[in-house]
Amino acid sequence: MERQCTGRGGCSGEAAVDVGTVAVSASQRHRGEIRVAYGFRANTEENQGRLAAWLATELCPAELSRGQLAPVVVARCRDDHVEPPAPGQVWRLVGKAVKDLEKGFCRSTTDRLSHATRSRLEDLIAGDGSEHGADSDGAAVGGRAHFTELKTDPGVPGV
């Protein structure tokens, strides 16, 4: 860090000021003054939790594009008079909301399936490699060998 002297002449240990520390504290003070002037409040973890829940329940079911959800988060913060999070924080917040929605969707879908159906699906996906699901030529019977083959085939390379 660069150090500057606050007085004339040489710098003594107590007269030196850490420019980086002054800049950070000044920017924090300025942000606080701007928030007060425009009637905004600081963004807290509680606010971010509410934003993530709002995104997961209200917006994500209709729109999963993170590029379109991020500006909506900033607009919602402004409407609520909360200082918007930094862009990286917005992306993490949107990502968390999308992930929470996907987890909830998968959980509700599997909860509606019978135990027998879940077991059959798990067996199908597990694909133990045995010939149980294939006839003597290795052709798929019931889709098991074919699904296992699909999982191992990388497909056509694309750009």
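Small disclaimer: the values here were computed from a predicted structure and weren't measured. (Residues numbered from 1 in each chain as written. Predicted model: local features only at pLDDT ≥ 70, side-chain atom pairs only at ≥ 80, totals over all residues. Heavy atoms only, no water.)

Peer 1: Which parts of the structure should I look at to understand the overall build of the protein chain?
Peer 2: Helices and strands together make up the secondary structure of the protein chain, namely six helices and two strands. Classification of the 159 residues of the protein chain by burial places 18% in the buried group. Summarising the internal contacts of the protein chain: among those between residues at least 6 apart in sequence, 46% fall at separations of at least 24. Accessible surface for the protein chain amounts to roughly 11700 Å². Of this, 56% is attributable to carbon and sulfur atoms. (Helix = DSSP H or I, 4+ residues; strand = E, 2+ residues; numbered from the N terminus. Buried < 20%, exposed > 50% of the residue type's maximum accessible area, 1.4 Å probe, protein only. Contact = heavy atoms within 4.5 Å. Areas by Shrake-Rupley, 256 points an atom, 1.4 Å probe, with all protein chains shown as cover.)

Peer 1: Before we go on, may I ask you to explain the nonpolar core in this structure?
Peer 2: A general trend in soluble globular proteins is that nonpolar side chains are found buried together. If you look at the biggest cluster of nonpolar residues, it comprises 15 residues, and the most contacted ones within it are L51, L55, C60, L69, V73, L93 and V94. Those elements that provide at least two residues to this core are α2 (45-59), α3 (66-79) and α4 (87-112). Not counting chain neighbours up to four residues away, the residues in contact with L69 comprise L55, L59, C60, E63, L64, V94 and V98. (Core = buried A, V, L, I, M, F, W, Y, C linked by side-chain atoms within 4.5 Å.)

Peer 1: What is the right way to look at unusual backbone geometry in this model?
Peer 2: For residues that are not glycine, phi is negative in most cases, and the peptide bond is trans in most cases. Although it is not a glycine, H81 sits at a positive phi angle of roughly 60°. Inspection of the secondary structure puts H81 in the loop between α3 and α4. Assessed through its relative accessible area of 38%, H81 is described here as partly exposed.

Peer 1: Would you take a moment to explain the pattern of salt bridges for this structure?
Peer 2: A side chain with one charge can pair with a side chain of the opposite charge if their charged atoms come near. Inspection of every chain in the model, using the stated rule, returns three salt bridges. A salt bridge links D80 to R76; the nearest nitrogen and oxygen atoms lie 3.1 Å apart. Taking the relative accessible area as the measure of exposure, D80 reaches 35% and is therefore partly exposed. The partner of D100 in a salt bridge is K96, with the nearest N and O atoms 2.8 Å apart. Residue D100 and its partner K96 are both found in helix α4; the two are separated by four residues, about one turn of the helix. (Salt bridge = Lys/Arg side-chain N within 4 Å of Asp/Glu carboxyl O.)

Peer 1: I tried to follow the packing of aromatic side chains on my own but got confused; where do I start?
Peer 2: Centre-to-centre distance and the angle between the planes together describe a pair of aromatic rings. Overall, the coordinates contain zero aromatic pairs when judged by the stated rule. Sitting above the plane of the W54 ring, R76 keeps its charged end 4.3 Å from the centroid. (Phe/Tyr/Trp six-rings, centres within 6.5 Å; stacked < 30°, edge-to-face > 60°. Lys NZ or Arg CZ within 6 Å of the ring centre and 35° of its normal.)

Peer 1: I would appreciate a short explanation of α4 in the present structure.
Peer 2: Since one α-helical turn is 3.6 residues long, residues separated by three or four positions face the same way. With 26 residues, α4 should cover 38 Å at 1.5 Å per step; its first-to-last C-alpha distance of 38 Å lies within 8% of that length. Taken residue by residue, α4 has V90, L93, V94, G95, A97 and V98 as its buried positions. On its buried side, α4 packs onto α2 and α3. (Expected span 1.5 Å × (residues − 1).)

Peer 1: Looking at this model, I keep getting lost on the side chain of N47. Mind explaining?
Peer 2: Residue position: N47 is located in helix α2. Within the structure, N47 has its side chain in polar contact with the backbone oxygen of A42 (distance 3.4 Å). (Polar contact = N/O pair within 3.5 Å; in protein donor to acceptor, adjacent residues only side chain to side chain.)

Peer 1: Quick question: what am I supposed to make of α3 here?
Peer 2: With 14 residues, α3 extends 20 Å from end C-alpha to end C-alpha; this agrees with the ideal 20 Å at 1.5 Å per step. Three or more residues of α3 are buried, namely L69, A70, V73 and C77. Take α3 and look down its axis: the buried residues cluster within an arc of 110°, on one side only. Of the exposed residues in α3, the ones pointing more than 90 degrees away from its buried face are R78 and D79. Elements in contact with the buried residues of α3: α2 and α4. (Arc of directions from axis to C-beta.)

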